[in-house]
Amino acid sequence: MISLWETLCLAMHTLNHLAEAIKAELIGDPDAVVRRAQPFDTAIEGDITFATAPAYLARLNESRATAIIVAGAVARVDTNLLVAKDPKLAFARAINLLHAASYQPAGVSEDLIVGEGSSLGEDLSIHPRVTIGRGSVLGDRVTLHAGVVIGNNCRIGDDTIIYPNVTIYDDTRIGSRVIIHAGTVIGADGFSFVPDEEGHQTKLLQMGRVRVEDDCEIGANCAIDRAGFGETILRRGVKLDNLIQVGHNTVLGEDTVVAAMSGFSGGTRVGRGCVIAGQAGTAQHIEIGDGAIIAAKAAVMKNVRAGAMVGGMIPARDYNAWRRSQVLYFRLPEIVERLKRLEKLVEQKERA
Amino acid sequence: MISLWETLCLAMHTLNHLAEAIKAELIGDPDAVVRRAQPFDTAIEGDITFATAPAYLARLNESRATAIIVAGAVARVDTNLLVAKDPKLAFARAINLLHAASYQPAGVSEDLIVGEGSSLGEDLSIHPRVTIGRGSVLGDRVTLHAGVVIGNNCRIGDDTIIYPNVTIYDDTRIGSRVIIHAGTVIGADGFSFVPDEEGHQTKLLQMGRVRVEDDCEIGANCAIDRAGFGETILRRGVKLDNLIQVGHNTVLGEDTVVAAMSGFSGGTRVGRGCVIAGQAGTAQHIEIGDGAIIAAKAAVMKNVRAGAMVGGMIPARDYNAWRRSQVLYFRLPEIVERLKRLEKLVEQKERA
Amino acid sequence: MISLWETLCLAMHTLNHLAEAIKAELIGDPDAVVRRAQPFDTAIEGDITFATAPAYLARLNESRATAIIVAGAVARVDTNLLVAKDPKLAFARAINLLHAASYQPAGVSEDLIVGEGSSLGEDLSIHPRVTIGRGSVLGDRVTLHAGVVIGNNCRIGDDTIIYPNVTIYDDTRIGSRVIIHAGTVIGADGFSFVPDEEGHQTKLLQMGRVRVEDDCEIGANCAIDRAGFGETILRRGVKLDNLIQVGHNTVLGEDTVVAAMSGFSGGTRVGRGCVIAGQAGTAQHIEIGDGAIIAAKAAVMKNVRAGAMVGGMIPARDYNAWRRSQVLYFRLPEIVERLKRLEKLVEQKERA
């Protein structure tokens, strides 16, 4: 049951209003009221949920939810239905509408350490133990959590949220409405060394910076390196999962999403609206076209054209079966030779 | 030689007592005394060591150690022997007995920042520069190192140790005797976006939390995401190495161990007592049964049944050999076609 | 155009002097002056740049740079040329000469927390919010950024720079001129557990430490574990990219470079001057000889001899092509069987 406290805290919406807000068509009672979004199995009266998997669609009548978001016409049910083209999108919107807390400025902690020439916007939420260097500019309604360190000459846009223990190196540009999760490092030196005459590695000074445009979200413990010259760029709306590496001078296009543990070598250029699955990696200076999809663990060694879907890994199977296959994998050149020889022989017979 | 200072600091045990404590059978002098555990090659008088590899077993007589843990009967040697079913386990116990420092509360630093309504247990070790939010509850004998940030409404159990610069987001549940290494992030948002009509990514608000049960250990710079709804769970005794990703709503079973750089996509369910080797990854909603073993770098794309051992990667070989094989790898469909054609031809000949 | 301010800030060198400093041969005006190093496309008057790719070499005359570093004789051009054996190395040196700021001690923040018995060198740059334990020793001209936590009994050599939110555990040895990027963790426990009689994991106490020798550079959010006994070692001049795992007791040889997201299991021994590409991994106790090259994503399961180049992954290709190949990959044992049978049949025919 929803507690009284929850009831008071939560927004309340009629289905009529909700349908409009999430761009769905209502089949049912326009005046019914919902207060929470919940997964199918835990939704009760007062909740909205969604069903797309056949297993859930078969159980619509069992649901105690006040309303269910579905993709299209379904067999007659008693429940209120909200028909949306993309039920998951509609549900995401319903969650936001019902649960997203409106921003309340927490103020600026007295404990803030801030360098000369930095300027701070209005209505901030600066938690204790934040450090800001010299000449940096923060917009309005910025949230900085404990342990955030911002270097010199940085720009942080309005409504951006930076979680604890994030490090932003000097000269970084962060847009508005950006979310950066804990432990992430933005602007460390790109990895660029040349061996000298004695084999010692000589560092190429990294003089560029990082630009993270508006509406990006960056997961926990990522590392986004500054450019050698110029900029490493995350364009508007890029979303990164956790533990992602973005090498120097890489550019990720608008609305591209990248799953956890993927890495981009220096100078990679990824188009807009791409989907990069987990643990993928790119060679240096690779170009990936708009809307391309890179499968999990892929090693992208050549350019990928727009809209292409590429992959390249061995899915896990029975250990012994895999061992047998991989031993033979290295004998493939020999296997092909034997096959060719046989083909020739059989052909000669044919002719004879 | 063991210094006087070390001698004074270290626990001292007779072999008699030690044998009992580590569940081994003593062959030798029950009153001999050991003070340190050491690897085979550096062990001297006063030390206990262990030998399982044949190379070491062949050199038992060379050892200057006071006692050696072995797996079973060995040729007559002068050294004291401790025979244990699992010598490595017995050695682990000996190290703990001889070297584990007993807990000494360091007290609570005056520098602690703690929010309203939080409560702290007894005999704590809270180092400077720790930040705790509102409504959080710490048990007894908790150690928090510098730079630890704990959010609102968290629970931290007794005897738990959290190393520097760890971030614990709001609402996280951490059990007793848990160890969390530096830089790890627990409770950041799960990675969950749906593209809208214009291709912009809409965030699914992550309203769940993370639960880490008793006796877990989590390595450095890991990222364990909160659930969308409900809980991401590490069950009792889970051990994670460094740089591991645990996606939203994943559940890792009791006593499961995960090597470095492995990642679990959202909704993965791993059974108890599983072993996940390094750099492995799972697709979303995969189920891995109890006691399964996942080899290094495996891409787990299908459910794995209990007790199974699965793998799927190409071990490194000579670069040119590998290049030849991988070119042919993509010609495998053609190779199989040619083979089939040949088989048919030969068969026809046979019949003719 | 270079601004007046930039002009005043920058070092200024005649080509004569520069040629000597970067070990190049000058073809052109010895008294011409350069102030900046820039990439080919953005270089203007007063800049030095370099050209090695044919695309750039074909456009030498288009460049507005005052001087261009090239590898050898080129067609007659108007521009001043600096001929160097390794133009990239010469350019790296030019960047350093023109742009590297000389060290200016920023002093020791009053906010420093330092334990008993620790000693600090001269001319330090200790930013606020740094924490140092007991009995640690810092050399001269060390830079510690905000949020750095250094444990007890550590040694940090002269001229070392540690970026924000880095954690150094007790007993760590860091050499001189080392650079450690933000979020990295050095000295956390090695991952070493043995299951006991009930399947619970027993921890092997990690009693060793980490030694990072002179001139190493370590990227952001790496994890370098202490040894079980003895030392985990990065030898002089090792360069690590971001998000790298170095397991307990691993030794990386002098001048070895490791690209992002690679991981070394416990006890790996890597020689000097090796190149490890991104997302590679090694099995436990692997030895990699001097000068070996490990390709991206390689799974090193066997020792690699000095100078060898090894690889082992499936480069990304068209998704459907890859799917077809990987299905057949697991049928390789059967394919080889069919091939063998055919060979035998054809041979019999031949003889008949």
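Rules behind the numbers
- Residues numbered from 1 in each chain as written.
- Chains lettered and ligands numbered in written order.
- Predicted model: local features only at pLDDT ≥ 70, side-chain atom pairs only at ≥ 80, totals over all residues.
- Heavy atoms only, no water.
- Pairing = 2+ DSSP bridges.
- Helix = DSSP H or I, 4+ residues; strand = E, 2+ residues; numbered from the N terminus.
- Contact = heavy atoms within 4.5 Å.
- Axes fitted to C-alpha atoms, helices over the stretch in contact; angles between N-to-C directions.
- Least-squares fit on C-alpha atoms with pLDDT ≥ 70 in both.
- Buried area = accessible area lost by both parts, 1.4 Å probe.
- Polar contact = N/O pair within 3.5 Å; in protein donor to acceptor, adjacent residues only side chain to side chain.
- Core = buried A, V, L, I, M, F, W, Y, C linked by side-chain atoms within 4.5 Å.
- Buried < 20%, exposed > 50% of the residue type's maximum accessible area, 1.4 Å probe, protein only.
- Patch = residues over 30% accessible without salt bridge, like charges linked within 9 Å, V, L, I, M, F, W, Y side chains within 5 Å.
- Areas by Shrake-Rupley, 256 points an atom, 1.4 Å probe, with all protein chains shown as cover.
- Salt bridge = Lys/Arg side-chain N within 4 Å of Asp/Glu carboxyl O.
- Parallel < 35°, antiparallel > 145°, perpendicular 65-115°, else oblique.

Moving on: the sheet that holds strand E7 (residues 80-83) of chain B. Two strands in a sheet stick together by hydrogen bonds in their backbones, pointing the same way (parallel) or opposite ways (antiparallel). All names here are of chain B. Strands sit in the order E2-E7-E6-E5-E4 across an open sheet of five strands; the sheet is mixed. Looking at strand neighbours, the two that pair on one side only are strand E2 (25-27) and strand E4 (36-37), the edges of this open sheet. Relative to E7, E2 runs antiparallel, the two sharing three bridges. Looking at E7, one finds that Glu-25 is bridged to Val-83. On the sheet, helix H4 (residues 87-99) packs against E4, strand E5 (47-50) and strand E6 (67-70) and is oriented at approximately 155° with respect to E5.

We now examine the relation of the copies chain C and chain B. By a simple turn and slide, chain C fits onto chain B: the slide is 0.0 Å along the axis, the RMSD is 0.1 Å, and the turn is 120°. The symmetry that links the two subunits is that of a three-fold axis.

What follows concerns the interface of chain C and chain A. By a widespread convention, an interface's size corresponds to the accessible area lost as its parts come together. Facing the 62 residues of chain C at the interface are 74 residues of chain A. Between chain C and chain A, the buried area comes to about 5,900 Å², and carbon and sulfur atoms account for 66% of it. Three residues stand out in chain C for area buried against chain A, namely Arg129(C), Tyr329(C) and Phe330(C), and they jointly supply 12% of the buried area on that side. Taken together, chain C and chain A are joined by 29 residue pairs in polar contact (both at pLDDT 80 or more). Every element with two or more residues in the side of chain C that touches chain A is listed here: helix H4 (87-99), strand E27 (239-240), strand E30 (257-258), strand E39 (317-318), helix H5 (319-329) and helix H6 (332-351) of chain C. Looking at the side of chain C that touches chain A, the element that brings in the most residues is H6(C), giving 10 residues. Looking at chain direction, strand E38 (residues 309-311) of chain A and E39(C) are connected through two bridges and run antiparallel. Along E39(C), the bridge assignment pairs Val310(A) with Asp318(C).

Our next topic: the nonpolar core. Formed by 48 residues in total, the largest nonpolar core has its most connected members in Tyr329(A), Leu332(A), Tyr329(B), Leu332(B) and Tyr329(C). For this core, the elements supplying multiple residues, two or more each, are helix H5 (319-329) and helix H6 (332-351) of chain A, helix H5 (319-329) and helix H6 (332-351) of chain B together with H5 and H6 of chain C. Ignoring anything within four residues of it in the chain, the contact list for Leu332(A) reads Ser325(B), Leu328(B), Tyr329(B), Leu332(B), Ile335(B) and Leu332(C).

Looking now at a nonpolar patch on the surface. Residue and element names in this part refer to chain A. On the surface, a nonpolar cluster with roughly 210 Å² of combined accessible area is contributed by Val-108, Val-114 and Leu-120. Among the secondary structure elements, Val-114 is positioned in strand E9 (residues 113-114). Assessed through its relative accessible area of 39%, Val-114 is described here as partly exposed.

A word on the packing of H6(B) against H5(C). When two helices pack together, their arrangement is given by the angle between the helix axes and the distance between those axes. Between H6(B) and H5(C), the least distance of the axes is 8 Å, while the angle of their chain directions is 55°. The angle between H6(B) and H5(C) places the two elements in the oblique class. Mapping the contact onto sequence places Leu332(B), Pro333(B) and Val336(B) in H6(B) and Arg324(C), Ser325(C), Leu328(C) and Tyr329(C) in H5(C).

On to H5(A). Regarding H5(A), the residues found buried are Tyr319(A), Trp322(A), Ser325(A), Gln326(A), Leu328(A) and Tyr329(A). Turning to H5(A), the residues buried within the fold contact strand E39 (317-318) and H6 of chain A, strand E38 (309-311) and H5 of chain B together with H5 and H6 of chain C.

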